[in-house]
Amino acid sequence: METILNFIRAALPWVAIGLFVGVTLSAKNVEKKGEKPSGLMVLLSWTPLFCFLLVALLELLDGDLSDAAVWLVLGIANAFLNTRKKSGEQEQA
């Protein structure tokens, strides 16, 4: 079981980064077309934030404050980009 947890701990940051990049680029394409993002796209845009925060928490519990801070900052950046898009949509309406 410990091996599986180690694998998840090692793979989760890369999954989060991939989701972050993929969803951000997809959202840019939707914005260029002038369409409103679907509910699935909105859900996917918040998924990397939870992955980043989970990784930060795992690193914090391991005692690695430096890595925890990096993942926390990435999570905050993701949250900022998600809320910025929403506030931009409200200003246009």
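Residues numbered from 1 in each chain as written. Predicted model: local features only at pLDDT ≥ 70, side-chain atom pairs only at ≥ 80, totals over all residues. Heavy atoms only, no water.

S.K.: Is there a simple way to explain the overall build of the chain in this structure?
M.R.: Helix and strand content of the chain: three helices and zero strands. Moving toward the C terminus, one meets the helices and strands of the chain in the order α-α-α. For the chain, the spread of C-alpha atoms along the three principal axes comes to 50 × 20 × 15 Å. Looking at the chain as a whole, 23% of its 93 residues qualify as buried. A fraction of 63% describes how many contacts in the chain between residues 6 or more apart in sequence connect residues 24 or more apart. For the chain, the accessible surface area stands at approximately 6500 Å², while carbon and sulfur atoms represent 69% of it. Once the 8 positive and 9 negative side-chain charges of the chain are each reduced to a mean point, those two points are 13 Å apart. (Helix = DSSP H or I, 4+ residues; strand = E, 2+ residues; numbered from the N terminus. Buried < 20%, exposed > 50% of the residue type's maximum accessible area, 1.4 Å probe, protein only. Contact = heavy atoms within 4.5 Å. Areas by Shrake-Rupley, 256 points an atom, 1.4 Å probe, with all protein chains shown as cover. Lys, Arg positive; Asp, Glu negative; His and termini not counted. Charge placed at Lys NZ, Arg CZ, Asp CG, Glu CD.)

S.K.: Help me understand the environment of L57 in this model?
M.R.: Locating L57 in the fold gives a position in helix α2 (residues 39-62). On a C-alpha basis, the gap between L57 and L72 in space is 8.5 Å, while along the polypeptide they are 15 residues apart.

S.K.: It is not clear to me how the packing of aromatic side chains should be interpreted in this structure. Could you clarify?
M.R.: Within a pair of aromatic rings, the relevant descriptors are the distance that separates the centres and the angle that separates the planes. Evaluation of the coordinates by the stated rule reveals two aromatic pairs. Consider the rings of F20 and F52, whose centres lie 5.9 Å apart with planes at 75 degrees: the pair is edge-to-face. With F20 in helix α1 (residues 2-33) and F52 in helix α2, this pair connects stretches of sequence that are 32 residues apart. For F20, a relative accessible area of 18% gives the class buried. Classification of F52 by relative accessible area gives buried; the value is 1%. Geometrically, the ring pair formed by F52 and W71 is stacked, given 5.9 Å between the ring centres and 20 degrees between the ring planes. Note that F52 is positioned in helix α2 and W71 in helix α3 (residues 65-92), a separation of 19 residues in sequence. The same class applies to F52 as to W71, namely buried. These aromatic residues form a ring-pair network of at least three members: F20, F52 and W71. (Phe/Tyr/Trp six-rings, centres within 6.5 Å; stacked < 30°, edge-to-face > 60°.)

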